[in-house]
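One letter stands for each residue in the lines below.
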Amino acid sequence: MYVTSGNECYALDAGTGRPIWHFQRPRTHGLVGNGAGGPNRGVALAGDKLFMVVDDAHLLALKRVDGTVVWDIQMADWHKNYSATSAPLVVGNLVIVGTAGGEDGARGFLAAFDVSTGKEVWRFWTVPLAGEPGSETWQGKGIEHGGALAWFTGVFDAETDTLFWPSGNPGEDYNGDDRGGDDLYSDCILALDPKTGKLKWYFQSTPHDLWDWDASETPLVIDANWQGTPRKLLVQGNRNGFFYVLDRTNGKLLLGKQFIKELTWATGLEPNGRPIKVPGQEPSAVGTRVCPSQDGATNWYSPSFNPATGLFYMQTNEMCSIYMKRPAEFEFGKPFLGGAENTDRKSKQTRILRALDLQTGAVKWELPEVGSARTWGGTLATATGLVFFGEDSGSFAAADAVTGKKLWSFEAGANWHASPMAYQFDGQEMIAVAANASIVAFALVQ
């Protein structure tokens, strides 16, 4: 088992938790934004190597047996407000990854590197240059520091040979005066050819985003009957408060449905998925109350799906924010927000585990949690009819996948920043989760 922290990787015996080796590199001083905080969301594996990013936007290949560095390449210059936080993804002989820097005016991209050598094979820029396709959706000088970082890990579908990768918000985050238009390819699910990086199609959830609603929530590849016909689906619960079901062969919207109770910025979706925005919900100098909050109706933590129940499980938030707008000038080494955001403390913040019907988007059951809605753990659904999740209170729990009834919990005292996983060791199924600085594994007593 491989576990990461900022610029660190631990190899553990998956049966006992015994440490085998530990890789560590000093943190980079002078980083801005999320990269300065030192998060790291995991590794990718291929053959005798594992791959991880470090905070200064480098991609490393390590030997699996002892953690020594095989190669080290710079994806982008951290002095230009780039950093890196998330797990790469291996597809064939390529390791694919993006960088962070969306709140800092960096220009987003996704790149693929040769597994053996680290040589760059292709790069897809999520903000086009002036004159390129998509640049017409940027009206003003904002395109020069457009953000839209491909900072979170995507999904590969072998059946359609397609890479689905989410993109982040445009910059400035809260001020769109210099970027009129839809601001492609921010807040998108991008469907790319994994061998070349060529764009097949895209779906944009929040055009001209003013609320920092990255589309970084993990999309799930699901094969299921849709209105009586077998269909290849791509499903996402989005930070903006809408649940999307797409045909993953062409990006066509099949279903869009609100899944939180209080959503103020849009009244619904057009047939093509374009939101019907509510006037007056833009950030302002005096502050504008908008629901969901900047943290989102959900976020990057893992959702899950059980084909036996037909339900999609995700952690959700009932929260609102006060968004403020102010002028900003881009400067290397500083954030590029164009305003500020604060949680609306006059409204109650609640974290709720919800189960959504795949066919309709209807909430079939929900399990409210006790806490301040500030934890970041996801869900894991198993074939045995369980849903594992980290409660907002700090406990680790299991619920009945059909009814939502909580079956048991373990007091972990965790401020969750990780989702549970299942694996097999010596023929025994185990469930593991990172709880603060500890890795906790569970198994049935045999």
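In the block above lies the structure referred to throughout.
The following refers to the structure shown. (Residues numbered from 1 in each chain as written. Predicted model: local features only at pLDDT ≥ 70, side-chain atom pairs only at ≥ 80, totals over all residues. Heavy atoms only, no water.)

## What about the pairing of strand S19 (residues 253-258)?
Reasoning step 1: As judged from the 5 bridges shared by strand S18 (residues 242-247) and S19, these two strands associate in the antiparallel manner. The partner of Val245 across the bridge, within S19, is Leu255. (Pairing = 2+ DSSP bridges. Helix = DSSP H or I, 4+ residues; strand = E, 2+ residues; numbered from the N terminus.)

## A short note on the pattern of salt bridges
Reasoning step 1: All chains considered together, the criterion is met by 23 salt bridges.
Reasoning step 2: Lys49 serves as the salt-bridge partner of Asp48, at 3.5 Å between the closest nitrogen and oxygen.
Reasoning step 3: Given the relative accessible area of 55%, Asp48 is considered exposed.
Reasoning step 4: Residue class for Lys49 comes out buried when judged on its relative accessible area of 13%. (Salt bridge = Lys/Arg side-chain N within 4 Å of Asp/Glu carboxyl O. Buried < 20%, exposed > 50% of the residue type's maximum accessible area, 1.4 Å probe, protein only.)

## Thoughts on the state of the cysteines
Reasoning step 1: Taken as a whole, this structure holds 1 disulfide when the rule is applied.
Reasoning step 2: In this model, Cys291 is linked to Cys320 through a disulfide, with the two sulfur atoms separated by 2.0 Å. Where Cys291 bonds to Cys320 through sulfur, the torsion about that S-S bond is close to 100°, and the disulfide is right-handed. Here Cys291 is found in the loop between strand S22 (288-290) and strand S23 (304-306), whereas its partner Cys320 is found in the loop between strand S24 (311-318) and strand S25 (321-325), with 29 residues between them in sequence. Cys320 matches Cys291 in its accessibility class, with the two residues each being buried. (Disulfide = S-S within 2.5 Å.)

## Section: the packing of aromatic side chains
Reasoning step 1: A complete count under the given rule lists 30 aromatic pairs for this structure.
Reasoning step 2: Taken together, a centroid distance of 5.8 Å and an interplanar angle of 45° make the contact between Phe164 and Trp201 tilted. Of this pair, Phe164 sits in strand S13 (residues 162-166) while Trp201 is found in strand S15 (residues 199-204), placing the two residues 37 residues apart along the sequence. Of the two residues examined, Phe164 and Trp201, each falls in the buried class.
Reasoning step 3: Members of the aromatic cluster, connected to one another through ring pairs, are Phe203, Trp211, Trp213, Phe242, Tyr244 and Trp265.
Reasoning step 4: Above the ring of Trp300, the side-chain terminus of Arg41 is found at 4.6 Å from the ring centroid.
Reasoning step 5: Taking the ring centre of Phe109 as reference, the NZ or CZ of Arg123 above it sits at 3.9 Å. (Phe/Tyr/Trp six-rings, centres within 6.5 Å; stacked < 30°, edge-to-face > 60°. Lys NZ or Arg CZ within 6 Å of the ring centre and 35° of its normal.)

## A look at the sheet that holds strand S4 (residues 44-46)
Reasoning step 1: A sheet is described by the order of its strands in space; here 4 strands give the open sequence S4-S5-S6-S7, paired in antiparallel fashion. Each of the sheet's edge strands pairs with one partner strand only, and the pair in question is S4 and strand S7 (69-74). Pairs of neighbouring strands in the sheet enclose a mean axial angle of 20°, with direction left out of account.
Reasoning step 2: Here 5 bridges tie strand S6 (residues 58-63) to S7, and the two strands are oriented antiparallel to one another. The partner of Leu62 across the bridge, within S7, is Val69. (Axes fitted to C-alpha atoms, helices over the stretch in contact; angles between N-to-C directions.)

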